[in-house]
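Each chain is listed here by its residues.
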Amino acid sequence: MASSPQPDRRKVDIGHSTERRRGRRRLSRERVLAAALDVVDREGLSALSMRRVAAELDVEAMALYRYAPSKDALLDGLVEQLYIELHADLDREEPTPLGQPPDLPAWRAELRRGACALYRTSLAHPHVVPLLATRLLAVPLARRPLAVLKAHERVLVLLHRAGLGEQDVVVAYRAITAWVLGYIFSDLRAMVDNPDEPDPAFRLGLHLLPARELPRLRETVPFLAEKGGYQGLTDGLDALLDRILASAAPREERVDQAPGAAVDQAPDPA
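Residues numbered from 1 in each chain as written. Predicted model: local features only at pLDDT ≥ 70, side-chain atom pairs only at ≥ 80, totals over all residues. Heavy atoms only, no water.

Caption draft 1: Structural context of a nonpolar patch on the surface. Taken together, the side chains of L214, L217 and L224 present a nonpolar region at the surface, about 210 Å² in accessible area. Positionally, L224 belongs in helix α10 (residues 215-224). Accessibility expressed as a relative area gives 33% for L224, which makes it partly exposed. (Patch = residues over 30% accessible without salt bridge, like charges linked within 9 Å, V, L, I, M, F, W, Y side chains within 5 Å. Areas by Shrake-Rupley, 256 points an atom, 1.4 Å probe, with all protein chains shown as cover. Salt bridge = Lys/Arg side-chain N within 4 Å of Asp/Glu carboxyl O. Helix = DSSP H or I, 4+ residues; strand = E, 2+ residues; numbered from the N terminus. Buried < 20%, exposed > 50% of the residue type's maximum accessible area, 1.4 Å probe, protein only.)

Structural data, given as structure tokens:
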């Protein structure tokens, strides 16, 4: 299975500890969110707090509230940071890791490239990935960060370029979102029970699963523990798009043939 390359992370300098001792640098929202992302990347979401980010920046916790008025604002900022990195990745216009079929339409190639870029960015920040579900479920669309909304817009524009009708665009958008995010969640889910255990079965905790009640799960867990990578992501996306395109044409035909639809009338005989 092909390994997944690590992305080129462009991090905001939050200031070296020696530099901070000599003289505090000016705070900004960008520095606060970059510090929060560093904390979560190293220590996980459970470590995130105003106090912890303040300590990272060598300031008092109250100084952060101008830039992030609550922990929820920090969480939304982490999602924003992930999508900012996504857009930076897309702007570099790097090819997808597996390449593109030569006859692939441009809109479809860009959908594949976007899916791979989100996967790559998620691998760089696995502790932030749960927020792609929890914060997008909690925050109304109109109040999401602009970077998130631009990602939504990008997918919709590409689907319109495919020539799909409005109804099919909505169906495709929902299906693509569900597939890409669901695939990322599946690939990054916790599987290892004891990382210090050299034996694969004990490492995965198979001895904790009752053999009589869960025989198929015990059998499949070692395979589920392997990441599907870019190949599984793009194969699933291609199959999904094939199905959507195949169903779109018959639907258009049904609309054309519906009662009341305009039809060519033969001229009355003279």
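Now, onward.
Caption draft 2: Spatial organisation of the environment of L78. Relative to the assigned elements, L78 resides in helix α4 (residues 71-91). Assessed through its relative accessible area of 0%, L78 is described here as buried. Setting aside its immediate chain neighbours within four residues, L78 contacts L33, A36, L37, V40, L45, L48, V128 and L131. (Contact = heavy atoms within 4.5 Å.)

Caption draft 3: Region of the structure containing helix α2 (residues 29-43). Over its 15 residues, α2 runs 21 Å from end to end, which matches the ideal 21 Å to within 8%, given 1.5 Å per residue. Those residues of α2 that sit buried are R31, V32, L33, A34, A35, A36, L37, D38, V39, V40 and D41. The positive-phi residue at the C-terminal boundary of α2 is G44, with phi of around 90 degrees. (Expected span 1.5 Å × (residues − 1).)

Caption draft 4: Representation of the packing of aromatic side chains. Overall, the coordinates contain 3 aromatic pairs when judged by the stated rule. The interplanar angle of 55 degrees and the centroid separation of 6.0 Å between the aromatic rings of Y119 and Y183 together place this pair among those described as tilted. Pair noted here: Y119 is in helix α5 (residues 106-124) and Y183 is in helix α8 (residues 166-188), with a separation of 64 residues, a long-range link. On the numbers, 5.0 Å between centres and 70 degrees between planes, the contact of Y119 with Y230 is edge-to-face. (Phe/Tyr/Trp six-rings, centres within 6.5 Å; stacked < 30°, edge-to-face > 60°.)

Caption draft 5: Local environment of the nonpolar core. V53, L64, L74, L78, Y83 and L159 are the most contacted members of the largest nonpolar core, which totals 58 residues. Secondary structure elements with two or more residues in this core: α2, α3 (50-57), α4, α5, α6 (130-138), α7 (146-161), α8 and α11 (229-256). In contact with L74, not counting residues within four places along its chain, are V32, L33, A36, L48, M50, V53 and A68. (Core = buried A, V, L, I, M, F, W, Y, C linked by side-chain atoms within 4.5 Å.)

Caption draft 6: Region of the structure containing the confidence of the model for the protein. Taken residue by residue, the protein gives an average pLDDT of 86. The fraction at 70 or more is 82%. In the predicted structure, residues 16-23 sits below a pLDDT of 50 and forms 8 contacts with residues beyond four places in sequence or in another chain. In the predicted structure, residues 261-267 sits below a pLDDT of 50 and forms 2 contacts with residues beyond four places in sequence or in another chain. (pLDDT = per-residue confidence, 0-100.)

Caption draft 7: Molecular detail of the pattern of salt bridges. In this structure the tally under the stated criterion is 15 salt bridges. With a closest N to O distance of 4.0 Å, R92 and D89 form a salt bridge. Taking the relative accessible area as the measure of exposure, R92 reaches 22% and is therefore partly exposed. Ionic contacts of the salt-bridge type, sharing partners, join the residues R42, E43, R52 and E56 into one network.

Caption draft 8: Structural detail: the packing of α4 against α5. Contact pair α4 / α5: the axes reach a minimum separation of 9 Å and the direction vectors enclose 130 degrees. The angle between α4 and α5 places the two elements in the oblique class. Of the two possible hands of crossing, α4 and α5 adopt the one that is right-handed. The residues of α5 that touch α4, namely those facing L82, E85, L86, D89 and L90, are R113, G114, A117, L118, R120 and T121. Class assignment of the residues belonging to the contact of α4 with α5 gives a composition of 5 nonpolar, 2 polar and 4 charged. (Axes fitted to C-alpha atoms, helices over the stretch in contact; angles between N-to-C directions. Parallel < 35°, antiparallel > 145°, perpendicular 65-115°, else oblique. Left-handed = near helix turned anticlockwise from the far one by under 90°. Nonpolar A, V, L, I, M, F, W, Y, C, P; charged D, E, K, R; others polar.)

Caption draft 9: Structural detail: unusual backbone geometry. For D58, which is not a glycine, the phi torsion comes out positive at approximately 60 degrees. In this structure, D58 sits in the loop between α3 and α4. You can call D58 partly exposed: its relative accessible area is 30%.

Caption draft 10: Local environment of the side chain of H87. Tracing the sequence through the fold places H87 in helix α4. When its relative accessible area of 17% is taken as the criterion, H87 is described as buried. Setting aside residues no more than four positions away along its own chain, H87 makes contact with A147, K150 and A151.

Caption draft 11: The packing of α4 against α6, seen in detail. Contact geometry of α4 with α6 gives a least axis separation of 10 Å together with a crossing angle of 125 degrees. Considered as vectors, α4 and α6 are oriented oblique to each other. Of the two possible hands of crossing, α4 and α6 adopt the one that is left-handed. Side by side, α4 and α6 meet where D72, L75, D76, L78, V79, L82 and Y83 of the first sit next to L131, L132 and R135 of the second. Split by residue class, the contact of α4 with α6 holds 7 nonpolar, no polar and 3 charged.

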